[in-house]
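Each chain, letter by letter, is given below.
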Amino acid sequence: MTGALVVIISILVILILAFATWFLAMKADGKCPLCMIKAIGRKKLTIDLSDVPDYENGNKLPIMGWSSWNTLRHHISEESIYDSAKVLVDTGLADAGYQYVNLDDCWQSSMRDEDGKLQGDLETFPSGIEELCRRINALGLKMGLYSSNGSHTCEDLPASLGNEELDAKTIASWGVEYLKYDFCHHKKLSGSTPIIEYIDLSRKGHHAEYTLRPEKAKFTGRARVVKAKDLPTGKGIGYLNHGAGTATFELEVESGGIYVMTIHSNKNWINFKRYMQVIVNGKLYEAHFPSGHSFSPDARLQIEVRLRSGENTIKLCNPVVTSADSEYIQYKRMGDALKNASKEWAAYTHTEEKPITYSICEWGWGNPWNWGAKAGNMWRTTMDINAGWHSIVSLYRKTLKLYKFSSPGHVNDPDMLEVGNGKLTPEENKSHFTLWCMLAAPLVLGNDIRKLEDGSKKSSIILSILTNNSLILIDQDPLVKPAKLIKRSGGVDIIARPLYNGDIAVCFFNNTGNKKPVDINIDELCEDEYLGFRRSNRGYEIHDLWSDNRVNNTKISTGVPKHGVKVFRISN
């Protein structure tokens, strides 16, 4: 036996022994080791959402407006925001549909106020966010804000993790109607859950009135009663980790109300955070077990829950298997808080509700199109856009594949528009705007719209692109069914989307460096089930949405300039 082989065998033996030691240690800690292994490297959602209703709040159509980030970044102020809002009105952009004025990162102070609430930067927003919102509303516009689902925003300012309900109530009280919720400083929820020794329930100031013991639970999956020799009772509920199973109790309560739930569990054998969901009569409560030192073997954690008089169902579980599971839970947490906050504020003030459109800015890492409709109104399909042609095309191609996931109130978001930014040519600006309309994407301007009042030829061209009403009608079509790829022909994408009145929109997109001829027989499009377009024996009305020319024909033959588009609305 060679020396190299001896080394290899020795390493394998060490790895096997280490794995066996870990495996047995996990079992001794009440964990399902196989369930933990299944989670490694996976991003796909494993939580069953079949019984979860779609998120119903906010805009039904893709929003239109302007965002501060691309132009102002961290140098924003109430003056620059208000001046930009006025430009939306003065240039006719507001009349064209651009209604939202969205403050991105850096609107907030690095300090929360004395009540723990977010507040505007004390130097650059001296009048406060509520007053700025009032002024923007007075222009006939809506205001949006920004936060992150991590400990801090992308610019390291206070974010909303752990403060979701408070922050939602705060922005609802200001009159805000949009929230972009970013992904910076994200803290993944743990798939690990401690052994649950028992649970006490009591009203504040009272001793335990009810106790839930492991042997009284009904189990699903791998969850079960396990031995826990270090705990005073010597046993507890184990195998709740990584979606392994659930434990459910039925509890008869004499008097309903708010109860303190004291969860007795084992401590970490290593120093890391753990997590569990407590679902009481269908309402979700979350238990976050801190990391800590195991000087003593048992620990207790308290949360408040609402019980009702009579029979109550209490379920314990941890559905977090993958990073996507964690992201869904955390984004839905804020979405639910926003929905409740806008309703509660309207009821409290006896005013009309201002639903808050909720933007999930998760960058597409956890495939949010699979779960976004259950958590919010729109979800980023990609990382941030920039004012480069390659970036625009890359984001278009990725989002184009996701056409099946959009619906009214739930849309794919390939990020804001770069029309008017960078070195994009007039043709590229026109193509960018057209493609976003075909994708049923939010039309959020990212350029410095204050420059559109300078009277220059460039500004005139940009305004004419952004206010093309025929294309805006495509983007804002009530079906909210984005374009799909029909075919590629000679380097030209032929994409099409169905429209509410039975028409279809067809776009030819040429990403090559040369002008390209292209044609299509419209009868071919009638064969596509997604488009649902009726065949006609009399030809079709074909409306060129950039030239405004109209013809009646059975086919389209045209030339498409480099990095250019031709787009048509076709009617029977």
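Residues numbered from 1 in each chain as written. Predicted model: local features only at pLDDT ≥ 70, side-chain atom pairs only at ≥ 80, totals over all residues. Heavy atoms only, no water.

Enquirer: Before we move on, could you go through the overall build of the chain and cite the residues and values that matter?
Expert: When helices and strands are counted, the chain shows 14 helices and 27 strands. Projecting the C-alpha coordinates of the chain onto the three principal axes gives extents of approximately 85 × 70 × 55 Å. The buried share of the chain, reckoned over its 572 residues, is 55%. For the chain, the proportion of contacts with a sequence separation of at least 24, taken over those separated by at least 6, is 72%. Counting 68 positive and 67 negative side-chain charges, the chain places the centres of these two groups 7 Å from one another. (Helix = DSSP H or I, 4+ residues; strand = E, 2+ residues; numbered from the N terminus. Buried < 20%, exposed > 50% of the residue type's maximum accessible area, 1.4 Å probe, protein only. Contact = heavy atoms within 4.5 Å. Lys, Arg positive; Asp, Glu negative; His and termini not counted. Charge placed at Lys NZ, Arg CZ, Asp CG, Glu CD.)

Enquirer: I'd like a description of the pattern of salt bridges, backed by residues and values.
Expert: In this structure the tally under the stated criterion is 24 salt bridges. Put simply, Glu 164, Glu 286 and Arg 333 are held in one network by salt bridges that share partners. (Salt bridge = Lys/Arg side-chain N within 4 Å of Asp/Glu carboxyl O.)

Enquirer: Hey, could you go over a positive patch on the surface for me, with residue numbers and the actual values?
Expert: On the surface, a cluster of positive charge is contributed by Lys 38, Arg 42, Lys 44, Arg 222 and Arg 224. Position of Arg 222 relative to the elements: it lies in the loop between strand S7 (218-221) and strand S8 (224-227). (Patch = residues over 30% accessible without salt bridge, like charges linked within 9 Å, V, L, I, M, F, W, Y side chains within 5 Å. Areas by Shrake-Rupley, 256 points an atom, 1.4 Å probe, with all protein chains shown as cover.)

Enquirer: Describe the sheet that holds strand S15 (residues 310-317), naming the residues involved and giving the relevant values.
Expert: Strand order in the open sheet formed by five strands is S7-S10-S15-S12-S13, with antiparallel pairing between adjacent strands. Where the open sheet ends on each side, the last strands, each with one partner, are S7 and strand S13 (283-289). The mean angle between the axes of side-by-side strands here comes to 20 degrees, regardless of whether they run parallel or antiparallel. Bridge analysis of S7 against strand S10 (residues 245-253) gives four bridges, and the strand direction is antiparallel. The residue of S10 that forms the bridge with Phe 219 is Ala 247. (Pairing = 2+ DSSP bridges. Axes fitted to C-alpha atoms, helices over the stretch in contact; angles between N-to-C directions.)

Enquirer: Could you give me a rundown of the packing of helix H11 (residues 426-438) against helix H12 (residues 457-466), with the residues and numbers involved?
Expert: Two elements in contact, H11 and H12, have axes whose closest approach is 10 Å; the angle formed by their N-to-C orientations is 20 degrees. Relative to H12, H11 is oriented roughly parallel. For the pair H11 and H12, the sense of crossing is right-handed. Of the residues in H12, those touching H11 at Pro 426, Asn 429, Lys 430 and Phe 433 are Ile 461, Ile 462, Ile 465 and Leu 466. Residues belonging to the contact of H11 with H12 are distributed by class as follows: six nonpolar, one polar and one charged. (Parallel < 35°, antiparallel > 145°, perpendicular 65-115°, else oblique. Left-handed = near helix turned anticlockwise from the far one by under 90°. Nonpolar A, V, L, I, M, F, W, Y, C, P; charged D, E, K, R; others polar.)

Enquirer: Please give an account of H12 that cites residues and values.
Expert: Three or more residues of H12 are buried, namely Ser 459, Ile 462, Leu 463, Ile 465 and Leu 466. Relative to the axis of H12, the buried residues are bounded by an arc of 160 degrees and lie together on one face. (Arc of directions from axis to C-beta.)

Enquirer: Could you give an account of the side chain of His 563, with specific residues and numbers?
Expert: Topologically, His 563 is positioned in the loop between strand S26 (555-560) and strand S27 (564-571). Of the polar contacts made by the side chain of His 563, one reaches the side chain of Trp 389; its length is 3.4 Å. Non-local contacts of His 563, meaning those with residues more than four positions away in its chain, are made with Trp 389, Glu 427, Glu 428, Ser 431, Asn 510, Asn 511 and Thr 512. (Polar contact = N/O pair within 3.5 Å; in protein donor to acceptor, adjacent residues only side chain to side chain.)

Enquirer: Outline the packing of aromatic side chains, supporting the account with residue identities and numerical values.
Expert: Applying the stated rule across the entire model yields 18 aromatic pairs. Taken together, a centroid distance of 6.2 Å and an interplanar angle of 55 degrees make the contact between Tyr 55 and Tyr 358 tilted. Residue Tyr 55 is found in the loop between helix H2 (33-38) and strand S1 (64-67), and its partner Tyr 358 is found in strand S16 (residues 357-360); the two are separated by 303 residues along the sequence. Across the pair, exposure class does not vary: Tyr 55 and Tyr 358 are buried alike. Ring centres of Trp 107 and Trp 174 lie 6.0 Å apart, and the angle between their planes is 90 degrees; on these two criteria the pair is classed as edge-to-face. Placement of Trp 107 in the loop between strand S2 (100-102) and helix H6 (129-138) and of Trp 174 in helix H7 (residues 164-174) is noted, with a sequence separation of 67 residues between them. (Phe/Tyr/Trp six-rings, centres within 6.5 Å; stacked < 30°, edge-to-face > 60°.)

Enquirer: Before we move on, could you go through the state of the cysteines and cite the residues and values that matter?
Expert: Evaluated as defined, the whole model comprises one disulfide. Linked covalently through their sulfurs, Cys 154 and Cys 184 form a disulfide whose S-S length is 1.9 Å. One quick way to see it: the torsion about the S-S bond of Cys 154 and Cys 184 is about 90 degrees, and its sign makes the bridge right-handed. Of this pair, Cys 154 sits in the loop between strand S3 (142-148) and H7 while Cys 184 sits in the loop between strand S4 (178-182) and strand S5 (196-202), placing them 30 residues apart in sequence. Using a relative accessible area of 15% as the deciding quantity, one classes Cys 184 as buried. With no disulfide of its own, Cys 106 has Cys 154 as its nearest cysteine by sulfur position, at a separation of 9.6 Å. A disulfide-free cysteine, Cys 437 has its sulfur positioned 9.9 Å from the sulfur of Cys 507, the nearest such atom. Since its relative accessible area comes to 0%, Cys 437 is described here as buried. (Disulfide = S-S within 2.5 Å.)

Enquirer: Account for empty space enclosed by the protein, with residues named and values stated.
Expert: Evaluated as defined, the whole model comprises three cavities of 30 Å³ or more. Together, 16 residues line the largest cavity, and Tyr 178, Lys 180, Asp 415, Met 416 and Val 444 are the ones closest to its centre. Its residues placed into classes, the lining of the largest cavity shows eight nonpolar, three polar and five charged. (1 Å grid on protein atoms, 1.4 Å probe; cavity = no way out; pocket = protein on both sides within 12 Å on 5 of 7 lines; lining within 4 Å. Points joined across faces, edges and corners; volume = space filled by probe spheres on them.)

Enquirer: Describe the side chain of Thr 399, naming the residues involved and giving the relevant values.
Expert: Checked against the element boundaries, Thr 399 lands in helix H10 (residues 389-400). One polar contact links the side chain of Thr 399 to the main-chain carbonyl oxygen of Leu 395, over a distance of 2.8 Å. Filtering out sequence-adjacent residues up to four positions away, Thr 399 remains in contact with Thr 381, Thr 382, Asn 412, Pro 414 and Leu 439.

Enquirer: Any chance you could break down unusual backbone geometry for me, citing the residues and the numbers?
Expert: For Arg 73, which is not a glycine, the phi torsion comes out positive at approximately 45 degrees. Take Arg 73: it is sitting in the loop between helix H3 (69-72) and helix H4 (78-90).

Enquirer: So, the sheet that holds S27: which residues are in play, and what are the values?
Expert: Strand order in the open sheet made by the six strands is S20-S21-S22-S27-S24-S25, with antiparallel pairing throughout. The sheet is open, and its two borders are formed by strand S20 (484-489) and strand S25 (550-553), each paired with just one other strand. This sheet shows a mean twist of 25 degrees between the axes of neighbouring strands, independent of strand direction. Helix-sheet contacts for H11 involve strand S21 (492-498), strand S22 (504-510) and S27, and the interaxial angle to S27 is about 40 degrees.

Enquirer: Describe the environment of Val 492, naming the residues involved and giving the relevant values.
Expert: With respect to the helices and strands, Val 492 occurs in strand S21. What makes Val 492 buried here is its relative accessible area of 0%. The spacing of Val 492 and Tyr 178 is 314 residues in sequence and 37 Å in space, taken between C-alpha atoms. Excluding residues that lie within four positions of it along the chain, Val 492 makes contacts with Lys 487, Phe 508, Phe 509, Asn 510, Lys 516 and Val 518.

These figures capture arrangement, not role.
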